[in-house]
Every structure is written in C-alpha cells, then in structure tokens.
Amino acid sequence: MVDKYHELSRAHLTSDYLHANSTTHEFLFGALAELVDNARDAEATLLNIYTEIHEELKGGFMLCFLDDGIGMDPNEAVDIIHLGKSMKRISDSRLIGQYGNGLKSGSMRIGMDFILFTKKDNTMTCILMSRTFYEKEGIDEVIVPVPSWHAATKEPITTDEKKFSLEIALIHKYSPFKKELDVMQQFNKITGASGTLVIIYNLKLNDDGVPELDIETDPSDILLTGMMASGMRYIYISKGFKIRALREVKEAEVAVKIAEENMQEAKFKVKELEKTCDNNMEAQNRFKLANAHSRLLKSQTDVDRKKNLYQEKLRALKDPHKLTFIFGMNIEERNLDGMFIYNNSRLIKMYKRIGVQLNRMLRYCFGVVGVVDVPSVMMEPTHNKQDFADAKEYHSLLRVMGQFLLQYWKDLGIAQMGVVKFWSEFGYSSTNWNLSPSNALQFKRRRAIEIQVIVQCDLCLRWRNLPSNLDVNDRVLADIWVCSMNQNPQQNSCDLPEQLPHIPLGTPIRGSVLSDERQELLEKSVRQHWEKAAALQFQKKFPIKPLTYKLPSDLRNKSISKANFCKCMQMM
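Note that the coordinates shown come from a computational prediction; the quantities given were computed from them, not determined experimentally.

Colleague: I'm lost on the pairing of strand S10 (residues 321–329) in this one. Help?
Modeller: Each regular strand carries side chains that alternate between the two faces of the sheet. Sheet analysis places strand S9 (residues 231–238) next to S10, joined by eight bridges and oriented antiparallel. Within the sheet, the bridge partner assigned to Tyr234 lies in S10 and is Phe325. One ladder, built from four bridges, connects S10 with strand S13 (residues 368–374); its direction is antiparallel. Counterpart to Ile326 in the pairing with S13 is Val371.

If you want it as structure tokens, here you go:
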C-alpha cells in the first residue's frame, strides 16, 4: 500500500510514534502552548485562536491558529515534517522551539489530524499530517503531502504533475476542504504577505464522548476549566536551588580556559610571523602579520569578555532567589485544587496537589489553588517543558510550597470557622466534594462578589477590573473589548491608569526552611533540653539515668511550633 505513495514526502517516523510523541503533553494546555510558542518564534504580531463549527468532524469543530509571522517557503515547510529538524535550532537561539517537534506533538495531542497553510516570498504551501489517513489506509509510515503554489498566479510549483495531483487528492479526501476553492480560501485568511494558519480537526474526546475543549460555556473564550479565585501571596527567599547556577559557573570557567588557549595560539602565531617578517618584509608577509595581530586582539577581547561573564556567574551564585507564592480558593469548582507551577511564565504543572492535599481523607487545604512562577536561572525545565530537569530541587520546591499552603490555610481561619461552614456560605451543602454548588440566588451573588474578573483592553492593553455581576458565568464579553465598555467608571477610559486587584501579603513563615532542616533543628533542641535536665539532676545529687531520645514516628519530618514543642516536653 505504501508503494503507491513512494514519491511523497515522509517524516521517517512510524504513525504510532505520532501518538506516543503527543503523550509527552500530560495536559491539554501544554499542547496549546506549543502552537502559541511557534507563532511567537515566527515573529508574529497577531495570533488569532478561533474555532469553526464542522458537524461532520469528531468533536464538531476545528481549532484554528492564524498568525502574521514570517511564514515558510516550500523548502522550509518540508523541513518541519522531520523530527528534530528546525530552523530555530541554533546554539545561541533564544527561541522556545529548539527541537522541531512542538507542531507535531502539540497538534497530535489536541486532535487526530492537522493541516497547515503558510505564505512566504510569493509562495503558498500546504502541509497535511493525518493519522486518520494512515489508519484508514493501513500505512505504518508518516507520509505527508506538501503541495506549493505561486501566490500571485495560484499556479502549482512542481516539476512532477503526478505527485502534485496525488497530494491534492489526499488533501481533498482526508482534510475538511474537499475542493480547490476551499483550499484557496484558507490561504486567503492570511491577509498579509506572510503568515501561517494551522487547523486541527478530529479532536480528542473525553471518556464521556465530549470534546476536551469547551467552546459553548463562554462564547468569548475556549475553556478547559472555569477556575477563578481571589487569594493571598507569600514571599519566599532562598539561597538554595543552585544546581543550574553551578553548572553555568562551570561552563563559564571552561569557556575562559578555551579562550585563553586560543589567545596563546594567536600569540604564538604572531611571534612566528614576526620572525619571518624580520628576514622578508614582502607585502604578502606583512599582510599575514597584520591579520595575525587582528586575530590576537580579538582573542584577547574574547578572553576579557568571558572572564567578566565568569565573574558575573560567580556573583549570581551568591544571590538569593525570590519566589512569590499566590494562593486562593476555587469557589466555583472546589474539587479542582492544586498548584499551577510556571517556568518563566510557561505553564509546566497544573492542579499539582502538594503537602496535606495529597491526603484526601483529611480534606485539609481542599479547594485551594496556588501559583508560582519559577525563573529559569533558578530551575530549568526538561526539553518537553512538562517537568523540571532536577527532581531533587523540584521536590524541595513542592515541600516549601506545602509549608506556605498550610500557612495560607491558617491565615484564612477556615480551621477555626469549620470547613463545612465555610463552604456552605457559597452554596456547597453536600459532603460529596465533586458536586456543584447551589444555584440559589443568594449563593450565586455570594460567589460573584468573591470572584473578581479582569479583562484586557484591545486598544491600550491595560487590564481592567469588571464590576461584580450576578453570576460569573453570565459575564459575556465582546470579541473586541475596549475600556469604554467597562461599567466601572474608574476604569472605563484608555487614559486611566491600570488598577489591578490588590493581593494581600500573608503571614511570613519564620525561617522559611525546608522540612529536613526543621527536623535537624528540632532534634538539636531535644538534645539540648535533656542535657540541661541532666545538669540539674547532677547539681541536686539525683541519680542520672542514661539519656537517649528518639522522636516519635508521628513527629518525624514534621514542623513543630515552639508552643507544641513545649507541650511535648510537658508530656515526657
């Protein structure tokens, strides 16, 4: 069966690999981020993410990403179908996409198939990657139609008319666009001289047969969940998390040594040429000597620059890191709790339950969501941006965040109020944690007051607070929203300054040390207590018994306040 497509481009991958590769995205938002990253790396100034209803497709709609970036010419388009081959993969690139994999892994996580339309340099190119095609025709290899046209004349760019006709036939058969006019209409959506349109279709469904993406609940947005919450923030300053910084210092040190070796070689070359020129001052030798001096000067400059960089890395190694943890209650859907962990504003983990949240019997800190943005200089992600490279530092981060989570729970005073009473104020009357709250008027109003909605103006790009309406889900916004639409008179003009909601600063944790460090301090305090007791006994001429003590199992690896420590001493 594959033989009849032998002349078509192929990714040199098995079709099963496309599915396995897509599973690197544990959650859907990570896959969506890949498509957004691609648009940003293509220098796009505008990215339009929208849907088009298509009842015949699985899921009932197509998900579209249209940007005005630099686009791709036919040769560049062929390159992206290969895994690991990317225009962006250069040693000093600051672009997110380094592996030529984001388009394929992200798209195939969202749906079974995608078709791409791109313009550049008066050319138009289409790419079809369809697992539906491979499954229906029993093909093991990833075969990819990549036809191209002249943008001005719409004439094919090909030297093989048979190949071009086969590619078009496959696009009409396995894409939503069954006619040449339909295909050309997609290119017309790229209104500028360059840009790219990615359309993902035959979307993945949940176990209940419903699409993972919700385009009905909020007409102005594409949703996965409806988490909204106000919160409290905590500042954590740490001198730890140095693995990446230490590696960068080592790399900078090696770079200095290499630069110094290059400089020594340049010096040796100059001396050799100077000896030659002493005996023979021909123009050719003078030219070589001048070039050698120029290379020496450049090498000296390079050594100075790399030494300065090395010193900067050493100084940075001593600098403490500052993190801000933000916590809030998920009032609308209390069963969706856990931490959102970002790396340089890129979402790495979502709904990650930590600390006492892991014990679902206690229901301690249930309903709490948290956010932290970890800078790359502190911790770096894995290559697929779904985890952190160093597991030990990542788990240390979770332990610290778990301590602040407990502090937030304490600051809210829910334990004193009672968990049941707290949630009953928002309409939760059942002990079944997964049930939705009551839609009675008083509870809808209470939840709406608690949840602040913020929207960005499409003109001035400032964020604006919206007044609290009756129900959060009734706050329908226009596709193009500007400040003048705001009913809040204090923020209804682009000339007014931005006023973001104030997030109060929570109670700091004294010391802010990790659990293993607190364990060591606690055991030291216990030893000191018994040593003092032994000294008193000796002074009063009481018989001294051997003093050995081991923490009870239920107190190990836990943080104990000073008051609780005293209680422990009284019970002994």
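Colleague: For this particular structure, what's the right way to read the packing of aromatic side chains?
Modeller: Under the counting rule described, the total for this entry stands at 21 aromatic pairs. Here Tyr364 and Trp409 contribute two aromatic rings whose centre-to-centre distance is 5.7 Å and whose plane-to-plane angle is 50 degrees, an arrangement assigned as tilted. Placement of the pair is Tyr364 in the loop between strand S12 (346–352) and S13 and Trp409 in helix H10 (residues 391–412), with a sequence separation of 45 residues. We classify Trp409 as buried; its relative accessible area is 1%. Cluster of aromatic residues (ring-pair linked, three or more members): Tyr234, Tyr236, Phe325, Phe327, Phe404 and Tyr408. The ring of Trp423 has Arg334 lying over it, and the distance from NZ or CZ to the ring centre is 5.6 Å. The ring of Trp433 is capped by Arg334, whose NZ or CZ atom sits 3.9 Å from the centre of that ring.

Colleague: Whenever I open this one, the side chain of Asn202 confuses me. Can you help?
Modeller: Within the secondary structure layout, Asn202 lies in strand S8 (residues 195–203). On the basis of relative accessible area, Asn202 is assigned to the buried category, the value being 14%. A distance of 3.2 Å separates the side chain of Asn202 from the backbone nitrogen of Lys58, its partner in a polar contact. One polar contact links Asn202 to Asp113, side chain to side chain, over a distance of 2.6 Å. Residues in contact with Asn202, not counting those within four places in the same chain, are Leu57, Lys58, Gly111, Met112, Asp113 and Thr132.

Rules of the game
Residues numbered from 1 in each chain as written. Predicted model: local features only at pLDDT ≥ 70, side-chain atom pairs only at ≥ 80, totals over all residues. Heavy atoms only, no water. Pairing = 2+ DSSP bridges. Helix = DSSP H or I, 4+ residues; strand = E, 2+ residues; numbered from the N terminus. Phe/Tyr/Trp six-rings, centres within 6.5 Å; stacked < 30°, edge-to-face > 60°. Buried < 20%, exposed > 50% of the residue type's maximum accessible area, 1.4 Å probe, protein only. Lys NZ or Arg CZ within 6 Å of the ring centre and 35° of its normal. Polar contact = N/O pair within 3.5 Å; in protein donor to acceptor, adjacent residues only side chain to side chain. Contact = heavy atoms within 4.5 Å.

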